[in-house]
Every structure is written in structure tokens, then in C-alpha cells.
Amino acid sequence: MRALNISIVGATGVVGAELIKLLEVSPVPVNRLRLFASRNSAGRQVRFRDEICFVEALDEIGDLETDIAFLCAGGAVSAEWASRFAAEGALVIDNSNAFRMDPDVPLVVPQVNPSVLSDRPRRGIVANPNCSTIQLVRVLRPLLTKLDIQQTIVATYQAASGVGRMGIDELRNGTKAALEGSSGPPAARFPVPLPFNVIPQVGDIDSEGVTLEERKLARESRKILAMPDLRLTSTCVRVPVENGHSEAVYLEFEEPVCLEQVHQLLAQEAGVRLYADGIRKGYPTPRFITNPEDVHVARVRVNSENPRGLWLWVVADNLQVGAALNALLIAQLAIANRVIGK
């Protein structure tokens, strides 16, 4: 395929920066890479494949023509710019929540539902799912090929990087202040200070007491898996971890669970690393996971109180698996399906 023109909006944020690194070593042929951010970041230099790219101010952009536009700057920016890029012929891959539930916008995890991107979307936009959703559906997919899941209950343990670079900085600065005996700066990116704490709220809480993150996890999973009646409930928790989301997942099936079959289904799933021997060979934790492109699954066990119940511990790098890598894989799927430029 011809070399492509690619634009990244939000190039100086944590997801944008991760995407640049992944794109650099990917097989995607790049003719021109344009990087956009706020005026405060304009002029910054970024090395890409032995060339220097200069960050441009998004609000001063004139030429929108590009083959692929990755939007990594949040919902408000995506709502304003996605359709503008698409109108100029770009395939827009949006990392925000702005279009995920739009029926005309495919919500794609390439390992799970690649067929929804067999042709160019009507709006020219593809949505990248929420980070906690991606790692969950990648584990559910192989199980659903053989097993009938009746109910899913999830508790997430989500890292500070889930709210971007400012979340990491707030955790670091607050931790340093607490260790020095100071109260530190007030919480800005989190409801209350995160250092040495856990916060049972990720996103705004609605009138039913459910957070935005908990709504997204259920609604997005149903759309990706094409299971509108999937019973899924969760409690999403922010934890003082810089990067890497963890999930305790409880599944209840129609029939008693065969642990050997579950191990086999997970072990043969590409991109899923199974720690089948439990504590004898360790289990993944967000600080020490290797192979950040994989979803890591451990503590797989049948509920001793209910033979139809199964517990899983699921860990993934939320900046790679949960954001930048999935966006890049969407682009590669679109290239393979010749969706680009249609």
C-alpha cells in the first residue's frame, strides 16, 4: 500500500505520546506525520523515524487533509474536530467517549469484532473503546465461543494515567508531599486526593448512583460483543498506581464450569497471557507486568460456593492495550480491509 499521511491530535498527552512510539516501530507506511496539540505545546519537537516533527497548534490548523486522524485529546476536542477531519476524507479513530454509542460509528476491538470495520463507516469515524472495556471483552471473547455467560460482575482498580499526564503528576506530587508530612495540593483530577488512598468513583455519579465509567463498561461491552442483553454490573475504583488497570471479574454460567476448558480457551487466545498455575508461578500486577501489549489473566478459579461461578484477575497496560495500541490496531485493520481513502 502507498505511504499514508497521518495526523495525531493530542500528540503531547500520554496516549498521543504512546501512539507515536508504537507507530514508529509498526509496519504502517507513513509519508507524513503531523502532530497537533494546544498552543502551549506548539513548536515542541518530536523525533519520528529519524525525522523531526514539530507540534502544531490545533486551533491554528488550516489544511485538514490526511488519510488517518487519531484523536487523543478528549471528548470536547473530538466533538468539534472529528467530523471536520472526516469531511476531508480522513478515517478518524477517536479515543474519547464522544461517539462510542453512536449507531453509525463502529466501536472496535480488532481481536473481538473486526467484521464491523469491513467497510468505511458512514460517518468516517471509528471509536476506540474505554480502556477498562477493552481488556474485559478481550478475555470474554474466547469464553463466549463455548460458554453461555449469564451474569458478569466486575470490580476495577484503575490507574492514575487513566486521566492523562495530569493524573500521574497529581499522584506523584501528592505522594511526595504526604511522605514529607504535608497535606499537598488539593485534588484536581480526582474527587479526593489519590495518594495512599482508593476512590470508589471513576467519572461523575448519576441519579441512580452509577458512575460514568460503570455505565461505559456495560454499554460498550454490549455493543462490542453484539450482546444487547448482557448482564454486566461493576464498581470502578481509582487506585494509587501510575499505570496499568486491574479487574476482578466474576462470571456466572448456565452450566457448571469446567476449569480445564476455561484454561484451554484462554491459553489459545492470541494476545492473552494465562497464568494457569496460580501462585506457584506468580500472578500479574500492574507495576511489574511484562509484554504490555498483552492482556494478563490469573487466579482463574471456580467459585467454591457455586460450581457455575468463575473468578478471574485481569491486568493490562491501559495506555497500550486500553488506548494507543488498540487505536493502532484499528488503523492496521482498516488498511488491511482497504477502508482508508474510500
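Predicted model, so just to flag it, every value in this text is computed and none were measured.

Novice: What exactly am I supposed to notice about the pairing of strand E12 (residues 295-302) here?
Specialist: Along any regular strand, the residues point their side chains to alternate faces of the sheet. Here three bridges tie strand E11 (residues 272-274) to E12, and the two strands are oriented parallel to one another. What sits directly across from Val-272, in E12, is Val-295. Bridge analysis of E12 against strand E13 (residues 309-316) gives six bridges, and the strand direction is antiparallel. Bridging from a neighbouring strand, His-296 pairs with Val-315 of E13. Here E12 hands over to E13 after six residues, the two strands then running antiparallel side by side.

Novice: Please clarify how the sheet that holds strand E5 (residues 68-71) should be interpreted in this entry.
Specialist: Pairing between sheet strands relies on hydrogen bonds along the backbone, with the strands arranged either parallel or antiparallel. Taken together, seven strands build an open sheet; the order of strands is E3-E4-E2-E1-E5-E6-E7 and the sheet is mixed. The open sheet has two edge strands, strand E3 (45-48) and strand E7 (125-127), and neither has a second partner. Averaged over neighbouring strand pairs, the angle between their axes works out to 25 degrees when direction is ignored. Strands in contact with helix H1 (residues 14-24) are strand E1 (4-9), strand E2 (30-37), E3 and E5; relative to E3, the strand with the most contacts, it is inclined by about 25 degrees.

Novice: I tried to follow the packing of helix H3 (residues 131-144) against helix H6 (residues 259-267) on my own but got confused; where do I start?
Specialist: Helix packing for two helices is described by the angle between their axes and how far apart those axes are. It is at 9 Å that the axes of H3 and H6 come closest, and there the two elements cross at 120 degrees. Relative to H6, H3 is oriented oblique. When you trace H3 past H6, the crossing you get is right-handed. Residues Val-139, Pro-142 and Leu-143 of H3 form the contact with H6, whose own contacting residues are Val-262, Leu-265 and Leu-266. Of the residues belonging to the contact of H3 with H6, the class tally is six nonpolar, no polar and no charged.

Novice: Mind showing me how you'd approach the packing of aromatic side chains here?
Specialist: Note on aromatic pairs: each is described by the distance of the centres and the angle between the planes. This structure, assessed with the given rule, holds three aromatic pairs. Look at Trp-81 and Phe-85: their rings are 6.3 Å apart centre to centre, the planes differ by 45 degrees, and that puts the pair in the tilted class. Taken together, the positions of Trp-81 and Phe-85, both in helix H2 (residues 75-87) and four residues apart, correspond to about one turn of that helix. Measuring from ring centre to ring centre gives 4.9 Å for Tyr-250 and Trp-311, while their planes differ by 50 degrees; the resulting arrangement is tilted. Remark: Trp-311 occurs in strand E13 and Tyr-250 occurs in strand E10 (residues 245-253); sequence separation between them is 61 residues. Taking the relative accessible area as the measure of exposure, Tyr-250 reaches 9% and is therefore buried. Here the guanidinium or amino end of Arg-84 rests over the ring plane of Trp-81, the centre of that ring lying 3.9 Å away.

Novice: What is the right way to look at the sheet that holds strand E9 (residues 232-238) in this model?
Specialist: Pairing within the open sheet is mixed, and its six strands lie in the order E9-E8-E10-E13-E12-E11. The open sheet is flanked by E9 and E11, the only strands paired with a single partner. Averaged over all pairs of adjacent strands, the angle between their axes in this sheet comes to 20 degrees, without regard to strand direction. Pairing of strand E8 (residues 149-158) with E10 involves eight bridges; the strand directions are antiparallel. Across the sheet, Thr-152 pairs through a bridge with Leu-251, a residue of E10. Sheet contacts for H3: E8, E9, E10, E11, E12 and E13; angle to E10, the most-contacted strand, approximately 35 degrees. Across the face of the sheet, helix H5 (residues 212-225) comes into contact with E8 and E9 while running at roughly 135 degrees to E9.

Novice: Sorry, what's going on with H1 here?
Specialist: Residues that lie three or four places apart on an α-helix share one face, since the helix turns once every 3.6 residues. Burial runs high along H1: eight of the 11 residues are buried. Val-14, Val-15, Gly-16, Glu-18, Leu-19, Ile-20, Leu-22 and Leu-23 are the residues of H1 that are buried.

Novice: Just checking my understanding: could you explain the side chain of His-296 for this structure?
Specialist: Position of His-296 among the secondary structure elements: in strand E12. Within the structure, the side chain of His-296 is placed 2.9 Å from the side chain of Tyr-275, a separation counted as a polar contact. Within polar-contact distance, the side chain of His-296 engages the backbone oxygen of Thr-290 at 3.0 Å. Setting aside residues up to four positions removed in sequence, His-296 forms contacts with Arg-273, Tyr-275, Pro-284, Ile-289, Thr-290, Asn-291, Trp-313, Val-314 and Val-315.

About the criteria used
- Residues numbered from 1 in each chain as written.
- Predicted model: local features only at pLDDT ≥ 70, side-chain atom pairs only at ≥ 80, totals over all residues.
- Heavy atoms only, no water.
- Pairing = 2+ DSSP bridges.
- Helix = DSSP H or I, 4+ residues; strand = E, 2+ residues; numbered from the N terminus.
- Axes fitted to C-alpha atoms, helices over the stretch in contact; angles between N-to-C directions.
- Contact = heavy atoms within 4.5 Å.
- Parallel < 35°, antiparallel > 145°, perpendicular 65-115°, else oblique.
- Left-handed = near helix turned anticlockwise from the far one by under 90°.
- Nonpolar A, V, L, I, M, F, W, Y, C, P; charged D, E, K, R; others polar.
- Phe/Tyr/Trp six-rings, centres within 6.5 Å; stacked < 30°, edge-to-face > 60°.
- Buried < 20%, exposed > 50% of the residue type's maximum accessible area, 1.4 Å probe, protein only.
- Lys NZ or Arg CZ within 6 Å of the ring centre and 35° of its normal.
- Polar contact = N/O pair within 3.5 Å; in protein donor to acceptor, adjacent residues only side chain to side chain.

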